[in-house]
Every structure is written in structure tokens, then in C-alpha cells.
Amino acid sequence: MAHKIDELRKIIEGIKEAEKERSKKQHSKGKLYVRERLELLLDPGSFEEIQWLATTRSTLFGLDKKRVPGDAVIAGYGRINGRPVYVFAQDFSVMGGSIGEAHAEKIVRTIELAIKSGVPVIGIWDSGGARIQEGVAALHGVGRIMKAIVDASGVIPQIALVLGPAAGGAAYAPALMDFTIVVDNITYLFVTGPEVVKEVTGEEVDFERLGGARVHSQVSGVGHFRAKSEEEAIEITKRLLSYLPDNNEAPLPIVDTGDPIEREDPELDSIVPEDPMKAYDMRIVLQKIFDKGSLLEVHAEWGQSIITAFARLGGIPVCIVASQPLVMSGAIDINASCKAARFVRFCDAFNLPIITLVDVPGYMPGTQQEHGGIIRHGAKMLYAYSEATVPKITVIVRKAYGGAYISMGSRSLGADIVLAWPTAEIAVMGAEAAVRILYRRQLAASPNPEEEKKKLVEEFKKTFLNPYRAAELGLVDNVVEPRRTRPKLYQALVALIKKREWRPPRKHGNIPL
């Protein structure tokens with residue numbers, strides 16, 4: 001037996017020595033080695049590796065001479081702040097982290113084990129894509145990974161850290177996961193690289209402008225979080241995980257934040273400007289209402305007229321969807337619609353309550369939006385809110401106009417509790433526009449149209465631009481002082497936390513694309 005144990009120890013020692021050399025390659029590129037990443041991510045001593053001897057079975061193009069134990073991906077399970085997780089991390093120092101058949105099966109098995117165990121899975125992507133030498137077997141492996149991610153969707157949380165390239169068909173894998181974290185000067189996500197782009201289209205573009213971190217966090221929307229370093233990306237992962245349950249049937253991770261639930265903030269009473277055309281920062285409102293230091297914004301750089309974020313209220317993790325008047329006055333555009341819809345559907349899948357704060361003047365007008373499909377994409381938001389069965393609480397802060405009012409978690413779409421501030425304006429459109437349409441002939445016939453218009457606008461505001469008509473109709477449950485929003489929201493949340501809503505089983509064939 002002793003010589004068998006010695007043999008095992010020699011194999012392990014040989015792998016460690018080879019990894020020391022390969023880690024130097026990563027360091028020379030300003031990147032951490034794969035095991036260093038796992039050490040930062042997981043609790044010390046908690047990682048257990050699986051299939052560490054697996055390797056390619058192909059002998060094509062001399063692959064039998066390039067076999068490396070692990071086949072360019074490290075997989076296993078461990079803990080983050082005491083919570084069990086499954087992880088896989090691609091090793092770019094082995095054949096560019098390329099995905100072969102054995103490589104893919106390790107990732108698939110890790111995801112499958114995470115589903116069976118009912119715990120989150122975290123993937124660290126750093127790969128040039130499918131392994132060319134393995135041909136169709138490699139492509140089959142990439143497809144298997146995508147299928148496994150889809151099978152896990154809505155069952156367990158999935159987080160992707162793109163800490164290097166993720167190219168070709170493999171670029172879709174991190175995009176299929178729930179959250180994608182990208183890093184400046186390290187992340188490169190694209191379906192076709194710069195050389196292919198130039199060959200096919202004649203366009204010259206470098207890696208950064210084609211698929212860098214900034215592109216995906218600000219333009220494409222693929223990146224949910226952008227970090228300045230790998231260390232920051234890993235810290236974001238840990239913080240994000242703290243808001244998420246282990247699976248879609250697990251209890252919410254409630255913690256004591258030490259922030260009194262009865263806390264009031266008098267500054268909220270004056271935060272909305274008297275001038276309805278003047279903007280203010282909704283982030284400040286959120287910071288004053290929810291537990292101090294708990295706000296974690298998702299997609300902060302994309303679709304910015306809507307804020308999506310995790311936060312805590314009395315220690316309970318919640319999802320926030322909020323208008324941002326600082327950007328396009330809070331008007332909803334294509335990107336904001338897609339951003340909000342995806343976030344609402346994720347939160348619904350994992351039983352996280354949704355709190356919506358509304359200050360929306362409408363959908364963004366113009367041919368660019370109409371031709372780009374604002375109707376098609378805006379429908380996603382309507383669908384997501386209508387479908388969600390979790391507790392849904394809405395606060396109307398100021399403007400709530402037209403179809404955009406409906407889409408922002410209105411009573412019509414199933415909001416359980418709707419609160420409004422005294423500054424709420426719930427109407428089909430603003431006073432100026434309404435008067436121009438309703439009293440067009442009267443104004444044209446008036447000897448003093450400007451004075452007449454001013455009088456009619458004031459009359460319209462008194463009649464419609466307040467929360468009281470909606471409250472009379474039962475569409476608003478309570479008009480509250482802004483300073484009392486936090487305790488009122490908490491009371492509603494506690495009352496609804498065990499809410500159950502049945503929906504008939506169905507396939508989702510009619511989801512707007």
C-alpha cells in the first residue's frame with residue numbers, strides 16, 4: 001500500500017510543479033492564476049476538487065502529447081462565507097483554456113451536481129473557445145454546457161466571472177447565467193474576434209473596442225457588474241451571493257443589519273423638487289429608505305433610466321426597480337425595458353420580493369426607439385411584472401404617466417400594495433399636453449389663449465395630478481408621508497412575505513423576444 005500512496009503523492013507533486021510554471025504565464029499578463037482565483041473566492045481550506053485527473057481522449061493533431069491532468073478547467077465544491085457552492089474555473093495557461101470534450105463534461109457535471117445539491121454555481125471563464133483540434137466533439141461539449149446552464153436556470157443561482165477571453169460560441173455560456181461580472185482590461189467577450197471581423201466586414205477593431213468590459217457593461221448589457229480588478233470582481237461575487245437563496249425553494253438569507261425599521265428620514269419630505277421638470281437622484285431616495293449600506297446596483301451602467309438593485313429592508317433581501325429622473329427624466333427606453341424585465345423574472349424565480357419606485361413620464365419617443373422595437377421590448381416588462389407571483393409593492397413618488405405607469409408594477413399588473421407620496425401625479429399624460437389635446441378648440445377661440453391655457457392647466461393638475469383620485473378608485477392603498485416610507489414598506493413586506501399565488505403549469509412560448 002505504501003508504494004501506491006507514494007505514487008499518488010508523486011502525481012500530485014508533479015502537477016503542482018507544472019502549475020507553478022504555468023502560473024508565471026498568467027502573472028506575465030497581469031492576471032491571477034486559476035488556483036489563486038479560487039483561493040480568493042472560497043473560504044480557506046474549503047475547496048474539494050473533482051475529476052482532477054480527467055484529460056482529453058483525442059489523439060488528433062498531437063493532442064495526446066499535450067494532455068494535462070484537469071484538461072484546462074478546475075472544478076469542485078467549497079464554501080463562501082460558510083455557504084456551500086459549486087465552482088468551475090478555466091485555466092488559460094493550458095491550451096488557451098480551450099473547451100474540449102472532457103473539459104466540457106467537467107463543467108456540465110459540476111452544474112448538475114449543484115442542481116442536485118440545491119446550491120449556487122459559480123463559473124470563472126477564461127477561454128479562447130472550442131478546441132479546434134477536437135472538432136465536432138468540442139462543439140458538442142460547448143452545447144452540453146449551454147444546455148446544463150439552461151437546465152439550472154431558475155433552479156439555482158448562477159454567477160459568471162469573465163476573467164479573460166470568452167470567445168466564439170462559448171461566449172453565450174456566461175451570458176446564459178444569471179449574472180455576469182466583467183473586469184477592465186481583462187475581459188474580452190465576443191462571438192467573432194477582430195481578425196474575423198476585418199476579414200468579413202473590412203472593419204478594423206481591437207479586442208477592447210469589440211468586446212471589452214466597458215463595452216459590455218455600458219453598450220451591450222451583457223455585463224451586470226464591472227470591476228477594476230479580479231480581486232474586486234471576486235468581492236462583488238461574494239456580496240451578490242449574500243442576497244440570494246441557495247435555490248428556488250430555499251429560505252431567503254435574512255440578516256440583522258442593525259438599522260432600526262422605524263427609522264424615519266425627514267429629508268425625504270423635500271427631496272422631490274416643486275418644479276415637475278426638475279430632476280433628482282433616485283439613488284439617494286433608495287439609500288434613505290433601505291438598510292444603510294445594503295444597496296447593490298445591478299446593470300448600473302446600462303439602461304440607466306431605470307435602476308435595478310438588491311437591498312435589504314429590516315434585514316430581508318429585496319429586489320428594487322426604480323425610475324431614475326436624472327436620466328432622460330426617467331423615461332423608459334429599449335435597454336431599460338429589457339434590464340427591468342430580466343431582473344424581475346430572476347427575482348420572481350428565487351422568491352425575492354419586488355419593490356418598485358415610480359417617477360416615469362412615459363416611454364422614450366422617437367423613430368430610433370420605435371424602429372428598434374420599443375413595443376416588442378417594452379412588452380417584456382409588462383410580461384415579467386404580470387407573471388411574477390412574489391410580493392410586489394409599489395411606491396408612486398412623482399410622475400406616473402400613461403402606459404409607462406402601467407408597466408412600472410401597477411395595480412393592473414398585480415401589485416399587492418400600492419403606496420403613493422403626496423407628490424404623486426397619476427394620469428394619462430402631463431397637464432400641458434393634456435390641455436393642448438382636450439381644449440384645442442376652446443384655446444383657439446379664446447381671446448387670451450395663454451391665460452386660458454394657464455387656468456386650464458391648473459384645473460387639470462388639481463383634478464388629476466395627485467394621488468387622491470387613484471386612492472378613491474382603490475388603485476392606491478395608502479398616501480404616506482415620504483419620511484414614513486421605510487416603516488410602511490416594512491409593514492407591507494412582513495404582511496406579504498408568506499404570499500403564495502398559483503399559476504397554471506405552462507410553457508413560455510409567448511414570451512416577447
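Since we're looking at a predicted model, the values are computed, not measured. (Residues numbered from 1 in each chain as written. Predicted model: local features only at pLDDT ≥ 70, side-chain atom pairs only at ≥ 80, totals over all residues. Heavy atoms only, no water.)

### Looking at the pairing of strand β11 (residues 316-323)
- Within β11, eight of the eight residues are buried, which leaves the element mostly enclosed by the surrounding structure.
- The pairing of strand β10 (residues 306-313) with β11 spans eight bridges and is classified as antiparallel. In the sheet register, isoleucine 306 faces β11, and the bridge partner there is serine 323.
- The turn linking β10 back onto β11 is made up of two residues, and glycine 314 within it adopts a positive phi angle of 60 degrees.
- Note that β11 and strand β12 (residues 354-360) share four bridges and pair parallel. Bridge assignment links cysteine 319 to a residue of β12, and that residue is isoleucine 354.
- Note on the crossover from β11 through helix α11 (residues 334-349) to β12: the handedness is right-handed. (Buried < 20%, exposed > 50% of the residue type's maximum accessible area, 1.4 Å probe, protein only. Helix = DSSP H or I, 4+ residues; strand = E, 2+ residues; numbered from the N terminus. Pairing = 2+ DSSP bridges. Right-handed = clockwise from strand over helix to strand, strands pointing away.)

### Looking at empty space enclosed by the protein
- Summed over the entire model, instances satisfying the criterion amount to two cavities of 30 Å³ or more.
- Approximately 90 Å³ is the volume attributed to the largest cavity.
- Glu19, Arg22, Pro69, Gly70 and Ile74 are, among the 16 residues lining the largest cavity, the residues nearest its centre.
- Secondary structure elements with two or more residues in the lining of the largest cavity: α1 (2-28) and β2 (73-80).
- When residues in the lining of the largest cavity are grouped by element, the largest group, three residues, is from α1.
- Its residues assigned to classes, the lining of the largest cavity comprises nine nonpolar, one polar and six charged.
- When its volume is computed, the second largest cavity comes out at roughly 30 Å³.
- Thr394, Ile396, Tyr405, Met408, Gly409, Ser410, Arg411, Val418 and Leu475 together form the lining of the second largest cavity.
- Counted by class, the lining of the second largest cavity contains five nonpolar, three polar and one charged residues. (1 Å grid on protein atoms, 1.4 Å probe; cavity = no way out; pocket = protein on both sides within 12 Å on 5 of 7 lines; lining within 4 Å. Points joined across faces, edges and corners; volume = space filled by probe spheres on them. Nonpolar A, V, L, I, M, F, W, Y, C, P; charged D, E, K, R; others polar.)

### Structural notes on the pairing of β10
- Counting buried positions along β10 gives eight out of eight residues, so the element sits mostly inside the fold.
- Residues of β10 alternate between two faces, with Ile306, Thr308, Phe310 and Arg312 on one and Ile307, Ala309, Ala311 and Leu313 on the opposite face, all of them buried.
- Relative to β10, strand β9 (residues 296-298) runs antiparallel, the two being bridged by three bridges. Across the sheet, the residue bridging to leucine 296 is phenylalanine 310, located in β10.

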